Number of protein chains: 2
Amino acid sequence: MKQLRVALAQKNAVVGDLQGNTAQVVSAAFDARRRGAHVLVLPEMFLTGYPIEDLALRDSFAQAADYRLQTLARTLKRRDLDDMVIVVGNLGRQAGTDAPQNVAGVLHGGKVAARYAKQHLPNYGVFDEYRYFAPGQRDLIVRIHGVDVAIAICEDLWNDDGPASRAAGHGADLLLVINGSPYEINKDDVRLDLCARRAAEADCPLAYVNLVGGQDELVFDGDSIVVSPIGQVLARAGQFTDEVVVVDLAFDQRKSVDSNPYADRLDRVVISDEPLELYTPIGSAVSARLSDEEEVYTAVVTGLRDYIEKNGFETVILGLSGGIDSALTAVMAADAIGPDRVYGVSMPSVHSSDHSMTDAEDLSQQLGIYYMSVPIAPMVDAFHEAIVINGVAAENLQARMRGMTLISLSNQEGHLVLATGNKSELAVGYSTIYGDAVGGFAPLKDLPKTWVWRLAKWRNDVAAQMGEVVPIPESSITKPPSAELRPDQLDTDSLPDYHLLDDVLDDYVENDRSAAELVRDGFDLDTVERVLAMVDHAEYKRRQYPPGPKVSLKAFGRDRRLPITNHWREKAPRAATPAASEDSDAPEAASEAGSGSGAAEPGGGPLVTE
Amino acid sequence: MKQLRVALAQKNAVVGDLQGNTAQVVSAAFDARRRGAHVLVLPEMFLTGYPIEDLALRDSFAQAADYRLQTLARTLKRRDLDDMVIVVGNLGRQAGTDAPQNVAGVLHGGKVAARYAKQHLPNYGVFDEYRYFAPGQRDLIVRIHGVDVAIAICEDLWNDDGPASRAAGHGADLLLVINGSPYEINKDDVRLDLCARRAAEADCPLAYVNLVGGQDELVFDGDSIVVSPIGQVLARAGQFTDEVVVVDLAFDQRKSVDSNPYADRLDRVVISDEPLELYTPIGSAVSARLSDEEEVYTAVVTGLRDYIEKNGFETVILGLSGGIDSALTAVMAADAIGPDRVYGVSMPSVHSSDHSMTDAEDLSQQLGIYYMSVPIAPMVDAFHEAIVINGVAAENLQARMRGMTLISLSNQEGHLVLATGNKSELAVGYSTIYGDAVGGFAPLKDLPKTWVWRLAKWRNDVAAQMGEVVPIPESSITKPPSAELRPDQLDTDSLPDYHLLDDVLDDYVENDRSAAELVRDGFDLDTVERVLAMVDHAEYKRRQYPPGPKVSLKAFGRDRRLPITNHWREKAPRAATPAASEDSDAPEAASEAGSGSGAAEPGGGPLVTE
């Protein structure tokens, strides 16, 4: 029998901070050594942070990253940490061509003992890795204390023809997978199944380590896993937690593998042949999973916190309308960085109800955030005196005066402005560009309205269970949503009920389904066509919307890329007259040419939400 | 000898407008038949428009596009246009997998006689075709009147291993290349060289047809070309012109090609074996090239016009400061859609000079656009009474009141707002988010300040030469640039001279060069580090900036993708003390970790330009 103690460092890298990320590797190495680990593994592109986008194409950065890897190896030796083998992701360069590669560096004895380059590059969803990296062509097995360790990087694991499919042939004792795998709701279940399947395929234990933390619109949830070849979970890290997980692994003597059909594409590096003296293994923890609500809430708070901290903001500011969106945003901000760094501004207009102001003030008091009130009537009036504005333009003007108030205070005092719009509004353009869309970050950007309610209730329940003050006023949750930009206005004057709307949006935005399919599924034809047209129509607004954390299968932004100038409109077949039904067999019944374009309302959509 | 008359339709497609684009094919076919053409060729993905981005992933759209191709074939037959062979680009689907492909459909006799799928997919710069398309694996030769015609699509031509490299082996008589090749300055010269090189390689004439017109941030310049195998230009269309070019080609009897080394990957389709009776060829035109200034100016005007028209706007509105940026933008808008559809608004503040107002009014009169003046003092005062704002925040407030005035008028009256910022300002963040950055489209977005001056002078010179009223007041060109947000303010208080700035930006933004390289080239170290830090710092502002036409090698937007959260900072080695010079050998001397992030000034940069 052979043994190996492996430490998985589920850590939070900062894009471009080579120095800081390197320092994190060293401190993780001290931690791992203290706990007797023989191998320390860090996530994909940890030294550079991930994703680095076009930084990958800059020679000066690529050289600096490679230099960092080598100085790291020397630093580890200086600190007597070089008995341990350290596997860490970095930006590398292809031998000969110098083309950028997504690599794992294997450090030992003060040197870079081996390099592995990612072979399968994701180029879908939020990923553009064909743009950046030359794919690796070789598998790698590193022998550590007699244990043959195969290495793979993220997409390599998801691909059926990846290194895992050849690991058994290579006679691997252990498969290490380093990842930069962004959070999506329920992805943790998918990951565990995948790891178990690949471990069985590789016929050896598999150790999966992932980043944690936020990077612009992405949030990494960690969820590092170690599974046995029979699918037993040997260790599992927490979700969104910064931690080093240590696991003891035992291996049988392997059969020899002279019959390896993949030998021609394998690189073997021997670091140490001699198995360790047998020792008593330590136990390792399997963290419990979070509930769906806690998982999504934590993802948003993590993305928000890291955007604030990594970009050096001391404080945030947001408008408080008394509505549920701004209330949840405020609570998330307080949970992210503490209430003493959050500034709430109530900006009542003539149309603001009393409860909207009292709810906003109650929320601030219950949360313990700063609160001020800036009535916008004087600014609104100044514009009405200068130019003729009425109808929707006048409604949007109120939202814009609020946006200008927030950005001016931000400009004056250095706060980051948080936009409070949710995904349902952003989808149908139910927001005012340069109004409620003003902000440096938009925490709810990828949360449908129905999820906003769900998380608000969940957060209040948690507070109640813990005997804390319940932060969100009940009436903010129960009142019918209103933009309060004209008397007695309700969102439902302009939109379907949010539960219906979110159902339609889920089909159209997240699953790219056609109007015809939605109608076949029983949605009302006029509702479907109206909602889908609103979504297409609002593309130009989304282009100028602030970034926000992706939590869904398909977030707006780099995850869903549509032209602004776009005459395609989804149409469902009309009720079947013989003629019509003939038409309706024609797919192009789904097409409508014309000027109904996404950008025809520069002033920004019907209304605002807050 | 064999003959063939080929018509190249250099046309302007609209993304998603299957019906309208199909109608354009039919009218081009009538035109081509009238002129006796045997083959009509239309650009890449002409039926769908290009690029369609994630529309390619929507089944309903892919089905409709394929259906359109088939109905087009039937329509052409109904109109007796089906003797002609028509080659047109479209969205296709891979047999078996239904994966999207970028295809050329060959129509004849009321049917789709053949399909070719693009083999080489660009995935750099503005292109993401690995995201969308499954690459084709087969070459195609279509025999038309005994002439063997090979087909290729855009990137196929740029790749050394593309169909052109096998065309001679296939015994091709003619190589047809359909393209969606966006304009970049000087790209026409590159294209001609490429076409000549490939024609020689294929040992046959090459006909290259490209799109014209604007699609969001891209402008297609046409520049369709026919070259002989010895590099002689047989025909060349104009730049940015919507036209059908007809050329007569003659071919020798070819040697037989039983020895084709690439036969295994070739599909052959015979439409007609019998050569045409010999006829007298018509001559064809070779259009002259535009000057650099006219070329760039026309590219911007084309992109602006198509954004306005394809999105159904009647009118545009912009702020007129008396400065050169707003002046050039106004002239471009008037040239794009006519002065009677352009609204200029002067929005003077207490800091506005007299000349800024008179220059704005003179411009409007000379152009014949609508003009109004809205003093912003009352709106500015209303904010100062409501909240404490001073310093840079107060300067930005003025810009924001102008932005709100424009967007409110747009909202009220339906104008498209044009932002007037230039590329130099956008690069260093010398603009106010939600202020002068307000707009639905930004014509100067990819024009450095020095180019703004160059085009303004050029446009005035043209007017003078043609005996027209010179549109741009001389003083707008000659006055030192100022944002006029505080007394006696000049851009050079905050920025290097624009000629120096644009030199640095060209190296850093367009050519991704390092601070060290710039300093080696003789730029002042402090200037380089200051400018580069400003560029990195302004990334968050660029994310919320309106789209504008790409004319340079690398435009901001999808052409240059950098993270907002990014601690990498370019540093050049300091003057060599022994210690320092040792450091400076370390590439990571170029790195600076810390909180100096791109988003630390939510209020939006130092100042505004107009």
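Everything numeric here is computed off the predicted structure, so don't read it as measured data.

Concerning the overall build of chain A
Phase 1 of the analysis: Scanning chain A for helices and strands turns up 19 helices and 19 strands.
Phase 2 of the analysis: Relative to a compact globule of 610 residues, whose C-alpha radius of gyration would be 25 Å, chain A shows 27 Å and is just as compact.
Phase 3 of the analysis: The C-alpha extent of chain A, read off along each of the three principal axes, is 85 × 65 × 50 Å.
Phase 4 of the analysis: Within chain A, buried positions represent 65% of all 610 residues.
Phase 5 of the analysis: Put simply, chain A shows about 20100 Å² of open surface, and 51% of that area lies on carbon and sulfur atoms.
Phase 6 of the analysis: In chain A, 57 positive and 91 negative side-chain charges are present, and the distance between their average locations comes to 7 Å.

Some points on the interface of chain A and chain B
Phase 1 of the analysis: Contact residues are listed per partner, giving 97 residues for chain A and 97 residues for chain B.
Phase 2 of the analysis: Of the roughly 8200 Å² buried between chain A and chain B, counting both surfaces, carbon and sulfur atoms make up 57%.
Phase 3 of the analysis: The largest share of the area that chain A buries against chain B comes from Arg58(A), Arg131(A) and Thr565(A), three residues that together contribute 9% of it.
Phase 4 of the analysis: Applying the counting rule to chain A against chain B returns 4 salt bridges.
Phase 5 of the analysis: Linking Asp512(A) and Arg58(B) is a salt bridge whose minimum nitrogen-to-oxygen distance equals 3.0 Å.

Quick notes on helix α7 (residues 292-310) of chain B
All names here are of chain B.
Phase 1 of the analysis: Between the first and last C-alpha of α7 there are 27 Å, a value that for 19 residues agrees with the 27 Å anticipated at 1.5 Å per step.
Phase 2 of the analysis: A large share of α7 lies buried, amounting to 14 of its 19 residues.
Phase 3 of the analysis: Looking at the residues trailing α7, positive phi occurs at glycine 312, about 75 degrees.

A few points about the side chain of Ser228(A)
Phase 1 of the analysis: Here Ser228(A) shows up in the loop between β12 (225-227) and β13 (233-236).
Phase 2 of the analysis: Ser228(A) sits in the buried class, given a relative accessible area of 7%.

Quick word on empty space enclosed by the protein
Using a probe with the size of a water molecule, rolled over the atoms, empty space left in the structure can be pinpointed.
Phase 1 of the analysis: Summed over all chains, the structure comprises 16 cavities of 30 Å³ or more.
Phase 2 of the analysis: A volume near 1100 Å³ is recorded for the largest cavity.
Phase 3 of the analysis: Together, 46 residues line the largest cavity, and Gly557(A), Arg558(A), Arg543(B), Gly557(B) and Arg558(B) are the ones closest to its centre.
Phase 4 of the analysis: Elements with a minimum of two residues in the lining of the largest cavity: α3 (129-132) and α18 (539-543) of chain A together with α18 (539-543) of chain B.
Phase 5 of the analysis: The class makeup of the residues in the lining of the largest cavity is 21 nonpolar, 2 polar and 23 charged.
Phase 6 of the analysis: By volume, the second largest cavity is sized at about 110 Å³.
Phase 7 of the analysis: Around the second largest cavity sit 13 residues that line it, and Tyr50(B), Pro51(B), Glu53(B), Glu129(B) and Tyr132(B) are the ones nearest its centre.
Phase 8 of the analysis: Of the residues contributing to the lining of the second largest cavity, the split by class is 9 nonpolar, no polar and 4 charged.

Comments concerning the sheet that holds strand β17 (residues 342-346) of chain A
All names here are of chain A.
Phase 1 of the analysis: Taken in spatial order, the 4 strands line up as β18-β17-β16-β19 in an open sheet, and their pairing is parallel. Every other strand in the sheet has two partners, leaving β18 (370-373) and β19 (416-417) as the edge strands with one partner each.
Phase 2 of the analysis: Where β17 meets β18, 4 bridges bridge the pair, whose relative direction is parallel. By the bridge assignment, serine 346 is partnered in β18 with serine 373.
Phase 3 of the analysis: Where helix α8 (residues 324-337) meets the sheet, its contacts fall on β16 (316-319) and β17, and the angle it forms with β16 comes to roughly 170 degrees.
Phase 4 of the analysis: Along the sheet face, helix α9 (residues 354-367) touches β17 and β18 and points at about 160 degrees away from the line of β18.

Notes on the environment of Gly368(A)
All names here are of chain A.
Phase 1 of the analysis: Relative to the elements of secondary structure, glycine 368 occurs in the loop between α9 and β18.
Phase 2 of the analysis: In this structure glycine 368 comes out as partly exposed when scored by relative accessible area, which is 43%.
Phase 3 of the analysis: Between the C-alpha atom of glycine 368 and that of leucine 444, which follows or precedes it by 76 residues, the distance is 21 Å.

Points about the relation of the copies chain A and chain B
The two chain copies are related to each other by a rotation about an axis together with a translation along it.
Phase 1 of the analysis: Expressed as a screw operation, the relation of chain A to chain B combines 0.0 Å of axial shift with a rotation of 180 degrees, fitting to an RMSD of 0.0 Å. The transformation relating the two chain copies, once decomposed into turn and shift, fits a two-fold axis. The C-alpha atom lying nearest the rotation axis in chain A is that of Gln544(A); the distance is 2.1 Å.
Phase 2 of the analysis: When you check the interface residues of chain A against chain B, 100% turn up at the interface there too, and the contact is symmetric in its surfaces.

Things to note about the confidence of the model for chain A
Low-pLDDT stretches of the model should not have their predicted coordinates read in fine detail.
All names here are of chain A.
Phase 1 of the analysis: In this model, chain A carries an average pLDDT of 93, and 93% of its residues clear a pLDDT of 70 or more.
Phase 2 of the analysis: In this model residues 576-585 is a low-confidence stretch, pLDDT under 50, and it forms 5 contacts with partners more than four residues away in sequence or in other chains.
Phase 3 of the analysis: Note on residues 587-610: pLDDT is under 50 here. Beyond four places in sequence and across chains, it has 114 contacts.
Phase 4 of the analysis: Across the assembled chains, the prediction reports ipTM 0.93 with pTM 0.94.

Considerations on the sheet that holds strand β6 (residues 139-144) of chain B
Within a sheet, each strand pairs with its neighbour through backbone hydrogen bonds, oriented either parallel or antiparallel.
Residues and elements named next belong to chain B.
Phase 1 of the analysis: Judged by pairing direction, the sheet is mixed, and its 7 strands sit side by side in the order β13-β12-β9-β8-β7-β6-β15 without closing on themselves. Every other strand in the sheet has two partners, leaving β13 (233-236) and β15 (266-270) as the edge strands with one partner each. Here the average twist between neighbouring strands, direction ignored, is 20 degrees.
Phase 2 of the analysis: Where strand β7 (residues 147-153) and strand β8 (residues 174-179) come together, 5 bridges link them in parallel fashion. By the bridge assignment for β8, isoleucine 151 is matched with leucine 176.

Quick notes on helix α15 (residues 498-510) of chain A
All names here are of chain A.
Phase 1 of the analysis: Residues Tyr498, Leu501, Asp502, Val504, Leu505, Asp507, Tyr508, Val509 and Glu510 constitute the buried set of α15.
Phase 2 of the analysis: Where the residues of α15 are buried, they touch α12 (423-428), α13 (449-465), α16 (515-520) and α17 (525-537).
Phase 3 of the analysis: You can read the cap of α15 off the contacts: a side-chain oxygen lies 2.8 Å from the backbone nitrogen of histidine 499, and it is on aspartate 497.
Phase 4 of the analysis: Where α15 terminates, the next one or two residues include aspartate 512, which has phi positive at roughly 55 degrees.

Brief notes about the pattern of salt bridges
Phase 1 of the analysis: Taken as a whole and assessed by the stated rule, the structure comprises 99 salt bridges over all chains.
Phase 2 of the analysis: Salt-bridge contacts for Asp148(A) lead to Arg143(A); the nearest nitrogen and oxygen are separated by 2.7 Å.
Phase 3 of the analysis: The exposure class assigned to Asp148(A) is buried, which follows from its relative accessible area of 7%.
Phase 4 of the analysis: On the basis of relative accessible area, Arg143(A) is assigned to the partly exposed category, the value being 24%.
Phase 5 of the analysis: A salt bridge links Arg569(B) to Asp536(B); its shortest N-O distance comes to 4.0 Å. Of this pair, Arg569(B) sits in the loop between α18 and α19 (578-585) while Asp536(B) is found in helix α17 (residues 525-537), placing the two residues 33 residues apart along the sequence. Asp536(B) matches Arg569(B) in its accessibility class, with the two residues each being buried.

Quick notes on the rules
Residues numbered from 1 in each chain as written. Chains lettered and ligands numbered in written order. Predicted model: local features only at pLDDT ≥ 70, side-chain atom pairs only at ≥ 80, totals over all residues. Heavy atoms only, no water. Helix = DSSP H or I, 4+ residues; strand = E, 2+ residues; numbered from the N terminus. Rg over C-alpha atoms; globule rule 2.2 N^0.38 Å. Buried < 20%, exposed > 50% of the residue type's maximum accessible area, 1.4 Å probe, protein only. Areas by Shrake-Rupley, 256 points an atom, 1.4 Å probe, with all protein chains shown as cover. Lys, Arg positive; Asp, Glu negative; His and termini not counted. Charge placed at Lys NZ, Arg CZ, Asp CG, Glu CD. Contact = heavy atoms within 4.5 Å. Buried area = accessible area lost by both parts, 1.4 Å probe. Salt bridge = Lys/Arg side-chain N within 4 Å of Asp/Glu carboxyl O. Expected span 1.5 Å × (residues − 1). 1 Å grid on protein atoms, 1.4 Å probe; cavity = no way out; pocket = protein on both sides within 12 Å on 5 of 7 lines; lining within 4 Å. Points joined across faces, edges and corners; volume = space filled by probe spheres on them. Nonpolar A, V, L, I, M, F, W, Y, C, P; charged D, E, K, R; others polar. Pairing = 2+ DSSP bridges. Axes fitted to C-alpha atoms, helices over the stretch in contact; angles between N-to-C directions. Least-squares fit on C-alpha atoms with pLDDT ≥ 70 in both. pLDDT = per-residue confidence, 0-100. Polar contact = N/O pair within 3.5 Å; in protein donor to acceptor, adjacent residues only side chain to side chain.

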